[in-house]
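# Working through the structure, step by step
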Amino acid sequence: PDTRGMKNECIIPTNHRTGFDRSIRMVGVKIIEVDTLEEMEAAINSRTSMIFVLGRSLDGERGESLTLEDMVRIGKKHDIPLLVDASAERFDCPNPYIKAGVDLVAYSGGKHLFGPQCTGLLLGRKDLVQAAARNMAPNGGFGRPMKVGKEEILGVLAACDAWVKRDHDAEWKEWERMLNYIAGKLEGIPTVTTEIVLPQGRSNYYPKLLINWDQNSVKITPREVTSQLENGVPRISSAGNRIIPVTMVTGEEKPVAHRFYEILSAASK
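So, a few notes on the structure that sits alongside this text. Being a predicted model, the structure only gives us computed values, none of them experimental.

Turning our eyes to something else, we now look at the overall build of the protein chain. Regarding its fold elements, the protein chain presents 9 helices and 9 strands. Projecting the C-alpha coordinates of the protein chain onto the three principal axes gives extents of approximately 70 × 40 × 35 Å. When each of the 269 residues of the protein chain is scored for burial, the buried share is 40%. In the protein chain, once contacts between residues fewer than 6 apart in sequence are set aside, the share between residues at least 24 apart is 58%. Here the protein chain displays about 15100 Å² of accessible surface, and carbon together with sulfur accounts for 53% of that area.

This is the structure we're talking about:
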């Protein structure tokens, strides 16, 4: 798009850049990278349309010099909207970002919400959400080719309703039970060790089972395990030495444990 004469710059802290921020560039907006509070203040001008940050990069683990509070304050001072990408984060209510003063926050409809994968949610200032809607399907704006069906829209609404009724503590206990079951089935294989790793950040908030082994004893790589899982029966998608329970339902831990045991024990002979 030809955005000459429009507000066509978006400020993004360097460590908040991802492959997904190309969706900002593709609407004719130039990305301006900054590293410090002073650089962000200096980068603001009459063409600045938005400040964009990645939610999971606000955890403080990378020595960030910019805090969410800093960016909210700067955005309010200069009347520039602040958008947080929280796609893989928990859909907590009340929303912590909106409560902190963020103008817009975006979530995946298909991750923690368990709704349709092709959906998403944009929450925040009514005027900005309405402006986004005018550019999306079924209207004739830029987002028209990426339209989502009415069935998926109702599906993500149902997922939002279900979120506040779900027993999240019970879900977590069931995830841990499934992971412990799988870990228990692998105990007899020489050099194989397992560890349940708890989430450290905002995104992908669920426990994971890490499986490690001495490849001199169990002669197979994680990549080869992945291949055998994907080409076996039943077909299982896994990173080879990592199991994520959030996409599993009760009972599926049994075939998963069986296939991992089958592959690793065969490689140890």
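Now that the structure has been shown, the text picks up again.
For the coordinates displayed, the defined rule picks out 4 aromatic pairs. On the numbers, 5.9 Å between centres and 55° between planes, the contact of tryptophan 172 with tryptophan 175 is tilted. Linking tryptophan 172 with tryptophan 175, this pair stays in helix 7 (residues 168-185), spanning 3 residues, or about one helical turn. A centroid spacing of 5.6 Å and a plane angle of 45° characterise the contact between tryptophan 172 and tyrosine 205, whose relative ring orientation is tilted. Taken together, the residues tryptophan 172 in helix 7 and tyrosine 205 in the loop between strand 7 (193-197) and strand 8 (208-212) connect sequence positions 33 residues apart. For tyrosine 205, a relative accessible area of 33% gives the class partly exposed. An aromatic cluster is present here, built from Phe91, Tyr107 and Trp163 joined pairwise through their rings. Across from the ring centre of phenylalanine 114, 4.3 Å away, lies the NZ or CZ of arginine 166, which sits over that ring.

Turning our eyes to something else, we now look at helix 7. With 18 residues, helix 7 extends 26 Å from end C-alpha to end C-alpha; this agrees with the ideal 26 Å at 1.5 Å per step. For helix 7, the full list of buried residues reads His168, Glu171, Trp175, Met178, Leu179, Ile182 and Ala183. For helix 7, the angular spread of the buried residues around the axis is 135°, confining them to a single face. Exposed and facing more than 90 degrees away from the buried side of helix 7 are Asp169 and Lys173. Looking at the packing, one finds that the buried side of helix 7 touches helix 6 (150-163), strand 7, strand 8, strand 9 (242-243) and helix 9 (253-267).

Topologically, lysine 173 is positioned in helix 7. In this structure lysine 173 comes out as exposed when scored by relative accessible area, which is 61%. In sequence terms lysine 173 and glutamate 39 are 134 residues apart; their C-alpha atoms lie 45 Å from each other.

Here we come to the side chain of threonine 48. Among the secondary structure elements, threonine 48 is positioned in strand 3 (residues 48-54). For threonine 48, a relative accessible area of 2% translates into the label buried. A polar contact is formed between the side chain of threonine 48 and the backbone nitrogen of asparagine 45, at a distance of 2.9 Å. When sequence neighbours within four positions are dropped, the list of residues in contact with threonine 48 reads Lys7, Glu9, Ile11, Ala43 and Ile80.

Attention now moves to the sheet that holds strand 4 (residues 82-85). Read across the sheet, 6 strands follow the order 2-1-3-4-5-6 without closing on themselves; strand pairing throughout is mixed. In this open sheet, the two strands that pair with only one neighbour each are strand 2 (30-34) and strand 6 (120-124). If you compare each strand with its neighbour and ignore which way they point, the axes differ by 25° on average. Where strand 5 (residues 104-108) lies against strand 6, 5 bridges are found, and the strand directions are antiparallel. Along strand 6, the bridge assignment pairs valine 105 with leucine 123.

Working note: non-glycine residues mostly have negative phi, and peptide bonds are mostly trans. Look at the link from cysteine 93 to proline 94: it is a cis peptide, with omega at 0°. Among the secondary structure elements, proline 94 is positioned in the loop between strand 4 and helix 4 (96-100). Here the residue pair valine 233 and proline 234 is connected by a cis peptide bond, since its omega of -5° sits within 30 degrees of zero. Structurally, proline 234 can be placed in the loop between helix 8 (222-231) and strand 9. Of note, the phi angle at aspartate 79 is positive, near 55°, even though the residue is not glycine. Tracing the sequence through the fold places aspartate 79 in the loop between helix 3 (68-78) and strand 4.

About the criteria used
Residues numbered from 1 in each chain as written. Predicted model: local features only at pLDDT ≥ 70, side-chain atom pairs only at ≥ 80, totals over all residues. Heavy atoms only, no water. Helix = DSSP H or I, 4+ residues; strand = E, 2+ residues; numbered from the N terminus. Buried < 20%, exposed > 50% of the residue type's maximum accessible area, 1.4 Å probe, protein only. Contact = heavy atoms within 4.5 Å. Areas by Shrake-Rupley, 256 points an atom, 1.4 Å probe, with all protein chains shown as cover. Phe/Tyr/Trp six-rings, centres within 6.5 Å; stacked < 30°, edge-to-face > 60°. Lys NZ or Arg CZ within 6 Å of the ring centre and 35° of its normal. Expected span 1.5 Å × (residues − 1). Arc of directions from axis to C-beta. Polar contact = N/O pair within 3.5 Å; in protein donor to acceptor, adjacent residues only side chain to side chain. Pairing = 2+ DSSP bridges. Axes fitted to C-alpha atoms, helices over the stretch in contact; angles between N-to-C directions.

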